[in-house]
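A closer look at the structure
If you want the building blocks of each chain, they are given just below.
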Protein chains: 4
Amino acid sequence: MPPTPSGADVTRVEQWERRTEVPLLLLALAFLAAYAWPVLDPGLHPTLENGLQALSWAVWGAFLVDFGVRVSLAEQRGRYVLRHWYDVALVVLPMLRPLRLLRALAVARILGRTFAHNRAGRVTVYVIGATVATIGLGALAVLDAERADPHANITTFGDALWWAVTTVTTVGYGDFYPVSTGGRLIAVVLMLVGIALLGSITATIASWLVASAAEAEEEEMEQAVDESTAAVLAALDDLRRQVAALESRLDAGDPAAPD
Amino acid sequence: MPPTPSGADVTRVEQWERRTEVPLLLLALAFLAAYAWPVLDPGLHPTLENGLQALSWAVWGAFLVDFGVRVSLAEQRGRYVLRHWYDVALVVLPMLRPLRLLRALAVARILGRTFAHNRAGRVTVYVIGATVATIGLGALAVLDAERADPHANITTFGDALWWAVTTVTTVGYGDFYPVSTGGRLIAVVLMLVGIALLGSITATIASWLVASAAEAEEEEMEQAVDESTAAVLAALDDLRRQVAALESRLDAGDPAAPD
Amino acid sequence: MPPTPSGADVTRVEQWERRTEVPLLLLALAFLAAYAWPVLDPGLHPTLENGLQALSWAVWGAFLVDFGVRVSLAEQRGRYVLRHWYDVALVVLPMLRPLRLLRALAVARILGRTFAHNRAGRVTVYVIGATVATIGLGALAVLDAERADPHANITTFGDALWWAVTTVTTVGYGDFYPVSTGGRLIAVVLMLVGIALLGSITATIASWLVASAAEAEEEEMEQAVDESTAAVLAALDDLRRQVAALESRLDAGDPAAPD
Amino acid sequence: MPPTPSGADVTRVEQWERRTEVPLLLLALAFLAAYAWPVLDPGLHPTLENGLQALSWAVWGAFLVDFGVRVSLAEQRGRYVLRHWYDVALVVLPMLRPLRLLRALAVARILGRTFAHNRAGRVTVYVIGATVATIGLGALAVLDAERADPHANITTFGDALWWAVTTVTTVGYGDFYPVSTGGRLIAVVLMLVGIALLGSITATIASWLVASAAEAEEEEMEQAVDESTAAVLAALDDLRRQVAALESRLDAGDPAAPD
């Protein structure tokens, strides 16, 4: 069988996805910058703010075009859209203002893809990456959401970051807390990520402890099977020698000769 | 053997339960509406409020009648009541005002029944369903319980919902908290659901991580058994050929012939 | 073999422990009542309070005598004391005032013993029992410890109970919190019990999920062993028939006869 | 084979590490004392404070020299530095003031080494040791960091210790919380340790519950293998007797004799 030419065993969608990976990552970071700048520096010049707004919409457009190309390249389009509901959400959800930042999670998605061939550490990489990203993005988003509210107590990025950490770890001192509906929705996302974080850490430790015990057990079982095999093979060997003795007596033509 | 006629292998209680499923679900939702409306809109016209009160009692009556019919249809009545202690609680508990809402959890029960044949996702469905339901119902009930207390700080449904979320996730900022005994009892239920939620998520991740390791191990074990079997069968085959050679020599009538 | 006479296979210490179980339980409850009454009713008549104090010391004396008898009955006294460090703590620790209540946990110990033959539910019984007991005793002890402090915010048993629940579940709203050193030590115990509670619930769910998967796996493995055994036994049966055919030919005295 | 002379199978680095273990532990404790004293007693005489500062730097120098010697003794220096990144951090990080205390964790490292040959309890020892050490050091460090801030509410060591406990257990009442950036960084470390603590406790209980179930399962599996082996060996024994009977008939020289 001749070797298949390079690239023949990947679909056209996969080829496209590989080529656009780095550009899309850079676009996501540009989107993040365009979102974060006006939030962190409220006294921004209106011209610059409008420019960043335009950049933000341009990145959204690029993501839309990329997804359109991928769907058109896919062999089973309906199935492709269903399996990539996450990308659909990334493209459609930005309509809602505080959720727009979810698109920057594309970075996490690309990082995840990069580490995808290293099985063992994948859960850890995803959890740490998602937690750090969520805390940073959550602090930005809550600051943006709370700024409009006159009763807000989260008014600087430092406080927002601190609040995000106390929320993700479910400590919740209560020295800072969101008062607007948008801020509270972001808090719910942070709490869910925190619960997933705690669950993943616990589960990873538990599976590691169980695995070492299970390996010892498996070795014992394999030893039991090996011992069983050895006993049966020894008995068979005895029998074979018995039959061979019979045969050699026939060879000697003297059935009554002593053994 | 002729096929059993449809319905012959289900008991009369099960037939009744299937037929009343949808009507009971609608009644539970009506009860929820009758409970929620006056809580969410305190300035309700007394006539309407009395009407909703009547509706609420009518639903309770319907649940009572349904349970009575099921017990009378059951083959072992005492055992049926014991196994359906949950339904007994749904019918008897409403005497206590803030716990009346538990009856609306009948929705969760029916949803659970619907997904009962899909084993894998059942835990997830139950946990997510119970959490969402508990947050919604808990917010309603705490608002109702706190309204009577002059020192209450949970006074709007938005705040009640936000408080319920911070309680279930055990974050507990302390910007809102119940001050009445009824409200605190509802808080305890929310905390217990939150602990169950965190425990279930962690356990699901842990079992998923352990399962993939255990499968690899099982394959190794099965391979060990297969190799053992192959070695024994090969040794037996050798022996069989040895005996067959002996036999064929007897066939030839020449016991002393060379092999 | 004649049956061993009843009681001959239990040591003298065990006989003593069985006989004193119920009286000790009642004494522990009396101690709890003598502790709780003055805490819950601060305006108690001094005579009654002194009486309760005397009762409390009498119970402590009874526990001391019981432990002395058990040590003197034991075969290996040093080892018995080491293995029953918990009882040593129960007798010695009451010197420290807020820890005196630990003795009431003897109830949990006796309940534990009662359910000790029912393996499956033991962890659950212990955890629920210990949690309920810790919340109740913790609320009592914190009220007693905080009463002396002029800045205390936990001043009624209702508030103390509510505070204990929010602490065990690690929600910690911050509407109530201890300010005295004694109260804070009790809070630490409640937090540790809360972490143990959450850990046990999660672990129980996880082990239940893992166990059902492991059982399915074990069945597959047993089937693999059974199939291997069947294959080997079938091959052996073939061989046996082959040898039997050889034998029957020798019986017929016609080695060259067709098969 | 003659026994290898003592010390010949340990590398020169390991010899050095063993000899310097106790002196380094004492130096770490001296560092801790030199750090803790001025924090706990702010009105310290400047001369004494300068002396403690000098001691602190001397200990840092000793750790630096020790690490230098170990790297120069190592066979593969680059690899040694990479594998001992923790020691690198201990030597380099003290530049940042609130993190200087991490060096005192050398105690935990040495304790860990001591218990390293006792496999089962190692996780528990590490977790408890790290938690107690983190709470103590965290309370010291937060007090030091917050003292400079005029809005600080953590102003005594008792309050700092209490705050550290409520943070590690993720209860977070909010009666005390850090307001300076340094204090908040220390809080994040405490929260992470708390999550690791909760995760380890849960995982240990879970693995213990799973292990007892897995052992029962393994026994069943080993019994299945044993039964399979016994059945095969019994069949082989039958066959052997059959062949032996054949042989003894040949011995008797009478092939047609009855069995």
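Computed from a predicted structure; not experimentally measured.

Reading the values: rules and limits
- Residues numbered from 1 in each chain as written.
- Chains lettered and ligands numbered in written order.
- Predicted model: local features only at pLDDT ≥ 70, side-chain atom pairs only at ≥ 80, totals over all residues.
- Heavy atoms only, no water.
- Helix = DSSP H or I, 4+ residues; strand = E, 2+ residues; numbered from the N terminus.
- Buried < 20%, exposed > 50% of the residue type's maximum accessible area, 1.4 Å probe, protein only.
- Contact = heavy atoms within 4.5 Å.
- Areas by Shrake-Rupley, 256 points an atom, 1.4 Å probe, with all protein chains shown as cover.
- Salt bridge = Lys/Arg side-chain N within 4 Å of Asp/Glu carboxyl O.
- Polar contact = N/O pair within 3.5 Å; in protein donor to acceptor, adjacent residues only side chain to side chain.
- Least-squares fit on C-alpha atoms with pLDDT ≥ 70 in both.
- Patch = residues over 30% accessible without salt bridge, like charges linked within 9 Å, V, L, I, M, F, W, Y side chains within 5 Å.
- Lys, Arg positive; Asp, Glu negative; His and termini not counted.
- Charge placed at Lys NZ, Arg CZ, Asp CG, Glu CD.
- Expected span 1.5 Å × (residues − 1).
- UniProt positions renumbered as here; feature names shortened; annotations may be inferred.
- pLDDT = per-residue confidence, 0-100.
- Axes fitted to C-alpha atoms, helices over the stretch in contact; angles between N-to-C directions.
- Parallel < 35°, antiparallel > 145°, perpendicular 65-115°, else oblique.
- Nonpolar A, V, L, I, M, F, W, Y, C, P; charged D, E, K, R; others polar.
- 1 Å grid on protein atoms, 1.4 Å probe; cavity = no way out; pocket = protein on both sides within 12 Å on 5 of 7 lines; lining within 4 Å.
- Points joined across faces, edges and corners; volume = space filled by probe spheres on them.
- Core = buried A, V, L, I, M, F, W, Y, C linked by side-chain atoms within 4.5 Å.
- Phe/Tyr/Trp six-rings, centres within 6.5 Å; stacked < 30°, edge-to-face > 60°.
- Buried area = accessible area lost by both parts, 1.4 Å probe.

Focus: the overall build of chain A
Scanning chain A from terminus to terminus reveals eight helices and zero strands. Walking chain A from its N terminus toward its C terminus, one meets helices and strands in the order α-α-α-α-α-α-α-α. Here chain A holds 259 residues, and the buried ones make up 44% of them. Sequence separation of 24 or more characterises 60% of the internal contacts of chain A that already satisfy a separation of 6 or more. A total of about 13,500 Å² of accessible surface is found on chain A, and carbon and sulfur atoms cover 65% of it.

Observations regarding the environment of Ile186(B)
Residues and elements named next belong to chain B. Among the structural elements, Ile186 can be located in helix H8 (residues 181–251). Residue classification places Ile186 among the buried positions, given a relative accessible area of 10%. Residues Ile186 and Thr134, spaced 52 residues apart in sequence, show a C-alpha to C-alpha distance of 9.7 Å.

Topic: the interface of chain C and chain B
Across the contact, 42 residues belong to chain C and 42 residues belong to chain B. Inspection of the chain C/chain B interface yields two salt bridges. Linking Asp238(C) and Arg240(B) is a salt bridge whose minimum nitrogen-to-oxygen distance equals 3.4 Å. Where chain C meets chain B, there are six residue pairs in polar contact (both at pLDDT 80 or more).

Some details on the environment of Thr167(B)
For Thr167(B), the position within the fold is in helix H7 (residues 157–168). You can call Thr167(B) buried: its relative accessible area is 0%. Residues in contact with Thr167(B), not counting those within four places in the same chain, are Ala187(B), Leu190(B), Met191(B), Val171(C) and Tyr173(C).

Considerations on the relation of the copies chain C and chain B
Each copy of the sequence occupies a distinct position, and chain C is placed on chain B by a rotation of 90 degrees and an axial shift of 0.2 Å, giving an RMSD of 0.4 Å. One copy is carried onto the other by what is essentially a four-fold rotation axis.

Thoughts on a negative patch on the surface
The grouping of Glu215(A), Glu219(A), Glu220(A), Glu215(B), Glu219(B), Glu220(B), Glu215(C), Glu219(C), Glu220(C), Glu215(D), Glu219(D) and Glu220(D) at the surface amounts to a negative patch. Looking at the negative patch, the elements that each hand over two or more residues are helix H8 (181–251) of chain A, H8 of chain B, helix H8 (181–251) of chain C together with helix H8 (181–252) of chain D. For Glu215(D), the location among the structural elements is in helix H8.

A look at the pattern of salt bridges
Under the defined criterion, the tally for this structure stands at 28 salt bridges over all chains. In this structure, Asp159(A) and Arg184(D) form a salt bridge, with 3.1 Å as the shortest nitrogen-oxygen distance. Of this pair, Asp159(A) sits in helix H7 (residues 157–168) while Arg184(D) is found in helix H8, placing the two residues in two different chains. Side by side, Asp159(A) and Arg184(D) carry an identical accessibility label, which is buried.

Regarding helix H7 (residues 157–168) of chain D
Residue and element names in this part refer to chain D. With 12 residues, H7 extends 16 Å from end C-alpha to end C-alpha; this agrees with the ideal 16 Å at 1.5 Å per step. Within H7, nine of the 12 residues are buried, which leaves it mostly tucked inside the rest of the structure. Within the span of H7, buried status applies to Asp159, Ala160, Trp162, Trp163, Ala164, Val165, Thr166, Thr167 and Val168. Two residues or fewer past H7, Thr170 is found with a positive phi of approximately 55 degrees.

Considering the UniProt feature "coiled-coil region" (unreviewed entry) in chain A
In this numbering, the UniProt entry assigns the feature "coiled-coil region" (unreviewed entry) to residues 211–249 of chain A. As annotated, residues 211–249 of chain A has a helix share of 100% and a strand share of 0%, and its two end C-alpha atoms lie 56 Å apart.

Remarks on the confidence of the model for chain A
Residue and element names in this part refer to chain A. Scored by pLDDT, chain A comes out at a mean of 80, with 81% of its residues at no less than 70. Looking at the elements of chain A, mean pLDDT is at its lowest for helix H5 (residues 106–114), recorded as 59, and at its highest for H7, recorded as 95. Per-residue pLDDT stays below 50 along residues 1–7; that stretch engages in one contact with residues further than four places along the chain or on separate chains. Throughout residues 116–120 the model reports pLDDT below 50, and contacts reaching past four residues in sequence, or to other chains, amount to one contact.

Regarding the packing of H8(C) against H8(D)
Viewed as axis vectors pointing N to C, H8(C) and H8(D) meet at an angle of 5 degrees, and their least axial separation amounts to 8 Å. Here H8(C) lies roughly parallel to H8(D), going by the angle between them. Partitioned by chemical class, the residues of the contact of H8(C) with H8(D) number 34 nonpolar, nine polar and 10 charged.

Some points on empty space enclosed by the protein
Counting across every chain of the model gives 13 cavities of 30 Å³ or more. By volume, the largest cavity amounts to about 170 Å³. Lining the largest cavity are 15 residues; nearest its centre among them are Ser228(A), Ser228(B), Thr229(B), Ser228(C) and Ser228(D). Mapped onto the lining of the largest cavity, the elements with two or more residues apiece are H8 of chain A, H8 of chain B, H8 of chain C together with H8 of chain D.

Let's talk about the side chain of Ser200(D)
By the secondary structure assignment, Ser200(D) is in helix H8. Here the side chain of Ser200(D) touches Ala196(D) through a polar contact of 2.7 Å, landing on its backbone oxygen.

Brief notes about the nonpolar core
Core analysis: the biggest nonpolar cluster contains 112 residues, and Trp163(A), Trp163(B), Trp163(C) and Trp163(D) have the highest contact counts within it. Counting 28 residues, the second-largest nonpolar core is a separate cluster that includes Val232(A), Ala235(A), Leu250(C) and Leu239(D).

Structural notes on the packing of aromatic side chains
Residue and element names in this part refer to chain A. For the coordinates displayed, the defined rule picks out eight aromatic pairs over all chains. Summarising the aromatic geometry, the rings of Trp57 and Trp60 are spaced 5.4 Å apart at their centres and angled 85 degrees between planes, so their arrangement reads as edge-to-face. Of the two residues, Trp57 and Trp60 both sit in helix H2 (residues 46–73), three residues apart, roughly one turn of that helix. A relative accessible area of 39% means that Trp57 is categorised as partly exposed. Judged by relative accessible area, Trp60 falls into the buried class, the value being 18%.

Thoughts on a nonpolar patch on the surface
Among the surface-exposed residues, Val22(A), Leu26(A) and Leu29(A) lie close enough to one another that they form a single nonpolar patch of about 280 Å² accessible area. By the element assignment, Leu26(A) lies in helix H1 (residues 12–40).

Digging into unusual backbone geometry
All names here are of chain B. Unusually for a residue other than glycine, Thr170 sits at a positive phi of about 55 degrees. Checked against the element boundaries, Thr170 lands in the loop between H7 and H8. Classification of Thr170 as buried rests on a relative accessible area of 8%.

Some remarks on the interface of chain A and chain D
Contact with chain A, which involves 42 residues of that partner, is made by 43 residues of chain D. Approximately 3,600 Å² of surface area, both sides summed, lies buried where chain A meets chain D, with 72% of it carried by carbon and sulfur atoms. Linking chain A to chain D there are two salt bridges. In this assembly, chain A and chain D are joined by six residue pairs in polar contact (both at pLDDT 80 or more). Only H7 and H8 of chain A provide two or more residues apiece to the side of chain A that touches chain D. In terms of residue count, H8(A) provides more of the side of chain A that touches chain D than any other element does, 26 residues in total. Here the side of chain A that touches chain D is composed, by residue class, of 27 nonpolar, eight polar and seven charged.

Considerations on the environment of Ala28(A)
Residues and elements named next belong to chain A. Looking at where Ala28 falls in the secondary structure, it is placed in helix H1. Classification of Ala28 by relative accessible area gives buried; the value is 1%. Remark: the alpha-carbon pair of Ala28 and Phe63, spanning 35 residues in sequence, is separated by 8.9 Å.

Quick look at the packing of H7(D) against H8(D)
Residue and element names in this part refer to chain D. The interhelical angle for the contact between H7 and H8, taken along N-to-C directions, is 50 degrees, at an axis separation of 8 Å. Here H7 is positioned oblique relative to H8, judged by the angle of their axes. Across the interface between the two elements, Trp163, Ala164, Thr167 and Val168 from H7 touch Gly183, Ala187, Leu190, Met191, Gly194 and Leu197 from H8. Residues of the contact of H7 with H8, tallied by class, amount to seven nonpolar, three polar and no charged.

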